[in-house]
Amino acid sequence: MPQILVEGISKTFRVAERNPGFLGAFGGLFHRRHRSIDALRDVSFSIDEGELVGYIGPNGAGKSTTIKILSGILVPSSGRCEVDGRVPWKERREHVASIGVVFGQRTQLWWDLPVIESYDLLRDIYRVPHSRYEHTRDELIEMLDLGSLLDIPVRQLSLGQRVRCDIAAALLHEPSILFLDEPTIGLDAVSQLSVRAFIKQLSRDHKVTVLLTTHNLDDIEALCDRILVLSDGQLLMDGSIAELRDRYGDGRYVAVELESFAAVAPEHEERIVERSDSHILFSVASDVPKFIDDVLSNYPVKDLLVTHPPIERVVATMYQAERIEH
């Protein structure tokens with residue numbers, strides 16, 4: 001049985017409306033108008049134990065709403081949801097003991113307390129035995145390189161430092177499932193690499209199931225073998241990155257560095273994605289070996305590299321094909 005099971009989940013929010021300006025605000029006191037917003041519409045998927053799954057989509061697609069339902073924070077309007085055999089919003093106390101949640105723009109640490117004191121408070125909240133807590137805490141401190149941060153108040157940490165501390169906080173009670181909502185948002189390149197390495201190690205060594213939502217598609221490509229693509233509250237795709245490339249990719253990119261500037265033959269002009277002096281990037285939909293032979297025969301090639309199109313371009317193509325406003 002899947003560890004996470006979602007069947008036909010829908011979530012509708014009822015929001016108030018009013019006319020702009022003072023008169024609109026005054027009139028709203030007496031005559032309220034409401035409209036319904038469908039955040040999720042008949043979404044179904046399942047995730048097995050130990051999987052590391054990416055959950056992507058444009059802003060407002062319903063990703064965070066899904067995470068909040070799986071965490072037990074929100075109750076869906078309809079549908080079925082089970083996590084580890086429990087209904088999250090009905091069995092919240094048992095449920096939160098087996099999950100960890102990290103929201104990249106929020107913290108579960110106490111703002112004015114040193115990090116280590118926040119960890120001790122979380123130990124008491126989750127009622128983790130001291131010996132087990134100390135072992136897990138010390139392992140997380142080593143894995144995330146937090147030793148120098150433990151005595152610093154949370155408000156004095158940089159964003160990257162705080163996110164690493166938040167990830168450790170979410171794992172102190174050794175959950176079997178980790179929900180990550182934009183964990184690398186705003187992080188510098190070094191912090192992003194550190195967080196990615198930790199998530200990969202956690203999934204590989206501890207068999208923790210991870211559901212990762214992010215707009216940073218480099219995170220998805222580096223970490224996830226499987227992705228769920230959501231838009232306008234509906235699930236568009238459930239498959240691998242390779243399947244995404246097969247369906248929406250445009251072949252290969254051939255990056256060429258020339259010994260010196262050279263004009264490009266007319267039959268190759270339409271393949272150019274970008275060019276800067278002696279550097280040319282071609283998009284080749286099919287028969288890549290023949291195209292490479294043509295390039296090597298007709299241009300003074302200094303270096304050549306064949307790659308996949310960037311994942312951002314593939315996803316943008318999918319959005320365009322599905323007529324999604326990104």
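Use the structure listed above.
Predicted model only: the values in this text are computed from it and were never measured.

Rules used in this analysis
Residues numbered from 1 in each chain as written. Predicted model: local features only at pLDDT ≥ 70, side-chain atom pairs only at ≥ 80, totals over all residues. Heavy atoms only, no water. Helix = DSSP H or I, 4+ residues; strand = E, 2+ residues; numbered from the N terminus. Expected span 1.5 Å × (residues − 1). Buried < 20%, exposed > 50% of the residue type's maximum accessible area, 1.4 Å probe, protein only. Arc of directions from axis to C-beta. Contact = heavy atoms within 4.5 Å. Pairing = 2+ DSSP bridges. 1 Å grid on protein atoms, 1.4 Å probe; cavity = no way out; pocket = protein on both sides within 12 Å on 5 of 7 lines; lining within 4 Å. Points joined across faces, edges and corners; volume = space filled by probe spheres on them. Phe/Tyr/Trp six-rings, centres within 6.5 Å; stacked < 30°, edge-to-face > 60°. Lys NZ or Arg CZ within 6 Å of the ring centre and 35° of its normal. Patch = residues over 30% accessible without salt bridge, like charges linked within 9 Å, V, L, I, M, F, W, Y side chains within 5 Å. Areas by Shrake-Rupley, 256 points an atom, 1.4 Å probe, with all protein chains shown as cover. Salt bridge = Lys/Arg side-chain N within 4 Å of Asp/Glu carboxyl O. Axes fitted to C-alpha atoms, helices over the stretch in contact; angles between N-to-C directions. Parallel < 35°, antiparallel > 145°, perpendicular 65-115°, else oblique. Left-handed = near helix turned anticlockwise from the far one by under 90°. Nonpolar A, V, L, I, M, F, W, Y, C, P; charged D, E, K, R; others polar.

## Re helix α4 (residues 115–126)
At step 1: Helix length check: α4, at 12 residues, gives a terminal C-alpha distance of 17 Å against a target of 16 Å (1.5 Å per residue), a fit within 8%.
At step 2: Within α4 the residues assigned to the buried category are V115, I116, S118, Y119, L122 and R123. Projected onto a plane normal to the axis of α4, the buried residues spread over an arc of 155° and lie on a single side.
At step 3: Looking at the buried side of α4, the elements it contacts are α5 (130–144) and α6 (159–171).
At step 4: Positive phi shows up at R127, right after α4, with a value of about 55°.

## Notes on the pairing of strand β5 (residues 99–103)
At step 1: Among the five residues that make up β5, four are buried, leaving the element largely enclosed by the rest of the structure.
At step 2: Both β5 and strand β6 (residues 177–181) contribute to a ladder of five bridges, which runs parallel. Each residue of the ladder has a partner; that of I99, found in β6, is I177.

## A look at empty space enclosed by the protein
At step 1: Going through the model one piece at a time under the given rule, you end up with one cavity of 30 Å³ or more.
At step 2: Empty space within the largest cavity amounts to approximately 40 Å³.
At step 3: For the largest cavity, the full set of lining residues is V6, I9, L40, V43, T66, I69 and L70.
At step 4: If you list the elements that add at least two residues to the lining of the largest cavity, you get β1 (4–17), β2 (33–47) and α2 (63–71).
At step 5: A total of three residues in the lining of the largest cavity trace back to one element, the largest contributor, which is α2.

## What about the environment of S191?
At step 1: Its location among the elements puts S191 in helix α7 (residues 189–206).
At step 2: Among the residues examined, S191 registers a relative accessible area of 10% and is labelled buried.
At step 3: For the pair S191 and Q161, spaced 30 residues apart in the sequence, the C-alpha separation amounts to 7.9 Å.

## Things to note about the packing of aromatic side chains
At step 1: Overall, the coordinates contain two aromatic pairs when judged by the stated rule.
At step 2: An angle of 55° between the planes, with centres 5.9 Å apart, marks the rings of F45 and Y55 as tilted. Of the two residues, F45 is situated in strand β2 and Y55 in strand β3 (residues 52–56); the sequence distance between them amounts to 10 residues. Exposure class is identical for F45 and Y55. Each is buried.
At step 3: When the centroid spacing of 5.1 Å and the interplanar angle of 70° are considered together, the rings of F282 and F291 count as edge-to-face. Per residue, the accessibility class of F282 equals that of F291, and both read buried.
At step 4: A cation over an aromatic ring shows up here: K11 above the ring of F13, its NZ or CZ 5.3 Å from the ring centre.
At step 5: Between R123 and the ring centre of Y133, over which it is positioned, the NZ or CZ distance is 5.2 Å.

## Re unusual backbone geometry
At step 1: Here D84, not a glycine, exhibits a phi torsion of approximately 55°, which is positive.
At step 2: Here D84 shows up in the loop between β4 (78–83) and α3 (92–96).
At step 3: Looking at D84, the relative accessible area reads 30%, which means it is partly exposed.
At step 4: Backbone geometry at E182 places phi at a positive 55°, although glycine is not the residue there.

## A few points about a nonpolar patch on the surface
At step 1: A cluster of nonpolar side chains, W110, L121 and I125, forms an exposed patch at the surface whose accessible area comes to about 270 Å².
At step 2: Within the fold, W110 resides in the loop between β5 and α4.
At step 3: Overall, W110 belongs to the partly exposed group, its relative accessible area being 33%.

## Examining the packing of α5 against α6
At step 1: Direction vectors running N to C along α5 and α6 enclose 155°, while the axes themselves pass 10 Å from each other. With respect to each other, α5 and α6 are oriented roughly antiparallel. Between α5 and α6 lies a crossing whose hand is right-handed. Counted together, T136, L140 and L144 of α5 and R164, I167, A168 and L171 of α6 form the full contact between these two elements.
At step 2: A class-by-class count of the residues in the contact of α5 with α6 yields five nonpolar, one polar and one charged.

## Let's talk about the sheet that holds β1
At step 1: Spatially, the three strands line up as an open sheet ordered β2-β1-β4, and their pairing is antiparallel. Both outer strands of the open sheet, β2 and β4, are each paired with one neighbouring strand and no more. On average, adjacent strands in this sheet sit at an angle of 30° to one another, irrespective of strand direction.
At step 2: Judged from the five bridges that link them, β1 and β4 form a sheet pairing that is antiparallel. Opposite L5, over in β4, you have E82 as the bridge partner.

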